[in-house]
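Here's the letter readout for the chains.
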Amino acid sequence: MALSLQLPTASGTLAAYTLRGSAPVKPAPGAKFNRIAYSAAHVVADPLAAIDPWLQCAIDWDTTIAYRQRLWSLGLGVAEAMDTAQRGMGLDWPTSLELIRRSLDAAKDHPGALVASGCGTDHLVLENVKTVDEVIAGYEEQMAAIEKLGGKLIVMASRALARVAKGPADYERVYDRVLSQAKQPVVLHWLGDMFDPALAGYWGTKDLDAAMDTALGIIAAHANKVDGIKISLLDKDKEIAMRRRLPAGVRMYTGDDFNYAELIAGDGFGSEKTHGQSDALLGIFDAIAPAAAAALGELAQGNTTRFHDILGPTVPLSRHIFAAPTRFYKTGVVFMAWLNGHQSHFTMVGGQQSTRSLPHLAELFRLADAANLLEQPELAVRRMKTLLALHGVE
């Protein structure tokens, strides 16, 4: 029997919608990838905690770690305590470090599981930071804590550095210090201001080409300490241009949630493999994990057409989830986890479930169905109807 429900539209009316009834794609067991693929994983809030959600953070640790175990079982790595986990947007540094500790511990039960952990300066009180030295000390504090746990670093873009830096030389000084001390190669993190307005002008300029030159200079000076760079500018041409200029062996981890399919597939440019293709560190891989794993498995087998057949339909969903204001994309990621039964509630750290409208979530539901991403259609319909009733649509 077809599943149907009434969904709101952008015009404020209701319209009947019937699910497609297509079975979700599943990756082949034990499929190997020829790309490194990290999913920036979300955290699951504890809805029963007696806290003030806007001011305090309570995590359902069991469900949060179970979600990471699911990602590892699909062959995906976990980029831990990143912005998808609401880092600096409800998730504070002490809780982030506990999350990293628990994730690294859980990964031991999954041989070969990849974990890289966000290292930043978000424990600093932003308005009190006055000097670059304070930023360096902030990075060093988090580096020491993560490396003590045996963690690989993702050196996150710093709001504090964007606040106090006077120009590119200050970025060079900070990253030279950080990279020179790293115990193993790190992933650098360039997050555009569409994801976080406080990062406008990162690398010392609002000119993206000039900013890229600075970042590439830092990487070239420490190529042995840089595994790769994740950029999230939502501009595929900028990513490709930078990818082609990276030192040999340094990876481009696409963070482009608008164009990831074609960037991962690559263009085969040049004799250096990493110049012609991107690896992945993506928030959207949290929401589309089975499809991402299936597509990557096909790509590794040389089945490029099948790769695009699987991943292509997910792109409209991703563009919707990451639509402006892009920083609210976490709501869509958690909504997908709820629809698919990976958590029992649609509650977020910081009350962030309120950042998207009901019509936005209804369109997300339609696009998830169109991309064959509703893993339990009956459950998804029941939960969508619950949300509708909560908003007075019965």
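Scroll up for the structure.
The notes below deal with the structure included here.

## A closer look at the overall build of the protein
- Scanning the protein from N- to C-terminus turns up 15 helices and 10 strands.
- On C-alpha atoms alone, the protein measures out to a radius of gyration of 21 Å, which is about the 21 Å that the 2.2 N^0.38 rule sets for 394 residues.
- Based on the C-alpha atoms only, the size of the protein along its principal axes is roughly 60 × 50 × 45 Å.
- Residues counted as buried form 55% of the 394 residues belonging to the protein.
- Considering only contacts within the protein whose residues lie at least 6 apart along the sequence, 72% involve residues at least 24 apart.

## Quick notes on helix 7 (residues 236–243)
- Residues of helix 7 that are buried: Lys238, Glu239, Ile240, Met242 and Arg243.
- Against strand 7 (186–191), helix 6 (208–221), strand 8 (226–232), strand 9 (251–254) and helix 8 (260–265) lie the buried residues of helix 7.
- For helix 7, the capping residue at the N-terminal end is Asp235, with a side-chain oxygen 3.1 Å from the backbone nitrogen of Asp237.

## Regarding the sheet that holds strand 10 (residues 279–282)
- The strand order around the closed barrel formed by 8 strands is 3-4-5-6-7-8-9-10, and the pairing between neighbours is parallel. Along the sheet, successive strands turn relative to each other by an average axial angle of 25°, direction set aside.
- As paired strands, strand 8 and strand 9 are joined by 4 bridges and run parallel to one another. Note on strand 9: the bridge partner recorded for Gly228 is Arg251.
- Running at roughly 155° to strand 5 (residues 115–119), helix 3 (residues 132–148) makes contact with strand 5 and strand 6 (152–155) of the sheet.

## Regarding the packing of aromatic side chains
- Tallying each qualifying case throughout the model produces 15 aromatic pairs.
- Aromatic side chains Trp190 and Trp203 sit 6.1 Å apart centroid to centroid with 85° between the ring planes, which places their arrangement in the edge-to-face category. Of this pair, Trp190 sits in strand 7 while Trp203 sits in the loop between strand 7 and helix 6; the two residues are 13 residues apart in sequence, bridging distant segments of the chain.
- For Trp203, a relative accessible area of 1% translates into the label buried.
- Looking at Arg244, its charged tip hangs above the ring of Phe269, at a distance of 4.0 Å from the centre.

## Here we look at the side chain of Asp279
- On the secondary structure map, Asp279 appears in strand 10.
- When sequence neighbours within four positions are dropped, the list of residues in contact with Asp279 reads Arg35, Ile36, Arg251, Met252, Tyr253, Thr254 and Ile264.

## Some remarks on unusual backbone geometry
- Looking along the chain, the bond that leaves Ala324 and enters Pro325 is cis, with omega of -10°.
- Within the secondary structure layout, Pro325 lies in the loop between helix 12 (314–321) and helix 13 (329–339).
- Look at Asn372: it is not a glycine, yet its phi comes out positive at around 60°.

## Looking at the packing of helix 3 against helix 5 (residues 168–181)
- For the pair helix 3 and helix 5, interaxial distance at closest approach is 10 Å and the crossing angle is 25°. In terms of orientation, helix 3 and helix 5 fall into the roughly parallel class. Relative to helix 5, the crossing made by helix 3 is right-handed. Listed contacts from helix 5 to Val132, Asp133, Val135, Ile136, Tyr139, Glu140, Met143 and Glu147 of helix 3 are Asp170, Arg173, Val174, Tyr175, Arg177, Val178 and Gln181.
- Along the lines of polarity and charge, the residues of the contact of helix 3 with helix 5 split into 8 nonpolar, 1 polar and 6 charged.

## A look at the layout of surface pockets
- For the largest pocket, the calculated volume is near 440 Å³.
- Surrounding the largest pocket, 22 residues form its lining, Ala31, Trp72, Leu74, Gly75 and Leu76 being those nearest its centre.
- Its residues assigned to classes, the lining of the largest pocket shows 14 nonpolar, 6 polar and 2 charged.
- The calculated volume of the second largest pocket comes to roughly 360 Å³.
- Of all the secondary-structure elements, those providing two or more residues to the lining of the second largest pocket are helix 4 (159–164) and strand 7.

## A closer look at the nonpolar core
- Counting 124 residues, the largest nonpolar core has Tyr202, Phe285 and Phe365 as its most contacted members.
- In terms of nonpolar packing, the next biggest core, distinct from the first, is built from 10 residues, Ala79, Ile154, Met156 and Leu281 among them.

## Notes on the pattern of salt bridges
- Tallied over the entire structure, the rule returns 17 salt bridges.
- Between Asp133 and Arg173 there is a salt bridge, with the nearest N and O atoms lying 2.2 Å from each other. Placement of Asp133 in helix 3 and of Arg173 in helix 5 is noted, with a sequence separation of 40 residues between them.
- Residue classification places Asp133 among the partly exposed positions, given a relative accessible area of 45%.
- We classify Arg173 as partly exposed; its relative accessible area is 40%.
- Between Glu363 and Arg366 there is a salt bridge whose closest N-O contact spans 2.9 Å. Here Arg366 and Glu363 lie together in helix 14 (residues 358–370), a separation of 3 residues that amounts to about one turn.
- Relative accessible area serves as the criterion here: at 29%, Glu363 is assigned to the partly exposed category.
- Sharing partners across several salt bridges, the network here consists of Glu98, Arg101 and Arg102.

Cut-offs and rules
Residues numbered from 1 in each chain as written. Predicted model: local features only at pLDDT ≥ 70, side-chain atom pairs only at ≥ 80, totals over all residues. Heavy atoms only, no water. Helix = DSSP H or I, 4+ residues; strand = E, 2+ residues; numbered from the N terminus. Rg over C-alpha atoms; globule rule 2.2 N^0.38 Å. Buried < 20%, exposed > 50% of the residue type's maximum accessible area, 1.4 Å probe, protein only. Contact = heavy atoms within 4.5 Å. Polar contact = N/O pair within 3.5 Å; in protein donor to acceptor, adjacent residues only side chain to side chain. Pairing = 2+ DSSP bridges. Axes fitted to C-alpha atoms, helices over the stretch in contact; angles between N-to-C directions. Phe/Tyr/Trp six-rings, centres within 6.5 Å; stacked < 30°, edge-to-face > 60°. Lys NZ or Arg CZ within 6 Å of the ring centre and 35° of its normal. Parallel < 35°, antiparallel > 145°, perpendicular 65-115°, else oblique. Left-handed = near helix turned anticlockwise from the far one by under 90°. Nonpolar A, V, L, I, M, F, W, Y, C, P; charged D, E, K, R; others polar. 1 Å grid on protein atoms, 1.4 Å probe; cavity = no way out; pocket = protein on both sides within 12 Å on 5 of 7 lines; lining within 4 Å. Points joined across faces, edges and corners; volume = space filled by probe spheres on them. Core = buried A, V, L, I, M, F, W, Y, C linked by side-chain atoms within 4.5 Å. Salt bridge = Lys/Arg side-chain N within 4 Å of Asp/Glu carboxyl O.

Any link to function would need more than the numbers given here.
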